[in-house]
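Reading the structure
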Amino acid sequence: MKLLVFGEHGRGFSVVAGEVRNLAARTAAAAQDIKTMVHGLQEETQTAVSFMESGVKDVDQSLKLTEAASGENQELHAIVENMFETINIIEQNSARNGETARTVTEVTQQMANSIAELAISSNMVDTTANKLQQLVGVFNVSNQR
């Protein structure tokens with residue numbers, strides 16, 4: 001159905017109507033694209049859910065196998081327990097050895113400080129002895145006159 005519209009307003013209305021038709025066509029195309037994307041996302045989601053369900057079944061089966069194996073391997077469990085106990089003992093010994101090493105370091109530092117003080121004292125004694133020797137020399141010279 002075609003309406004005949006005269007004048008400037010009619011032409012403007014015709015242009016607007018054409019733009020509305022173009023916009024409606026683009027909106028319909030965009031809606032179709034969105035529908036396609038949503039459908040694709042639904043398919044991917046379903047695939048992911050199936051994959052996760054399969055993974056859960058595999059994990060469940062692995063847990064059951066592990067439980068069965070652990071029930072049959074009590075000896076292995078005992079070995080692992082002994083290994084952890086040994087590691088604990090080694091750790092305690094290492095801590096004690098570390099403490100001993102720190103103590104030795106402190107004592108060594110104290111000894112180094114004492115040696116340095118003795119060296120200073122020794123130098124002072126040497127200097128004092130030299131002065132006394134000079135004084136004795138002066139004293140001897142005075143007595144010989």
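Residues numbered from 1 in each chain as written. Predicted model: local features only at pLDDT ≥ 70, side-chain atom pairs only at ≥ 80, totals over all residues. Heavy atoms only, no water.

Before going further, it helps to examine the overall build of the chain. Per the secondary structure count, the chain includes two helices and zero strands. The 145 residues of the chain split such that 1% are buried. If you sum the accessible surface of the chain, you get close to 13400 Å²; carbon and sulfur atoms cover 62% of it. (Helix = DSSP H or I, 4+ residues; strand = E, 2+ residues; numbered from the N terminus. Buried < 20%, exposed > 50% of the residue type's maximum accessible area, 1.4 Å probe, protein only. Areas by Shrake-Rupley, 256 points an atom, 1.4 Å probe, with all protein chains shown as cover.)

One pass over the full model with this rule turns up one salt bridge. Across the salt bridge formed by Arg102 and Glu99, the nearest N and O atoms sit 3.1 Å from each other. Residue Arg102 and its partner Glu99 are both found in helix H2 (residues 74–143); the two are separated by three residues, about one turn of the helix. Since its relative accessible area comes to 46%, Arg102 is described here as partly exposed. Judged by its relative accessible area of 44%, Glu99 falls in the partly exposed class. (Salt bridge = Lys/Arg side-chain N within 4 Å of Asp/Glu carboxyl O.)

Another point: a nonpolar patch on the surface. Residues Leu76, Val80, Met83, Phe84 and Ile87 make up a contiguous nonpolar surface patch of about 450 Å² in total accessible area. Residue position: Leu76 is located in helix H2. (Patch = residues over 30% accessible without salt bridge, like charges linked within 9 Å, V, L, I, M, F, W, Y side chains within 5 Å.)

The next point concerns the confidence of the model for the chain. On average, residues of the chain score 80 in pLDDT, and 86% of them are at 70 or above. Below pLDDT 50 for its whole length, residues 1–5 participates in one contact with residues either more than four positions away or in separate chains. (pLDDT = per-residue confidence, 0-100. Contact = heavy atoms within 4.5 Å.)

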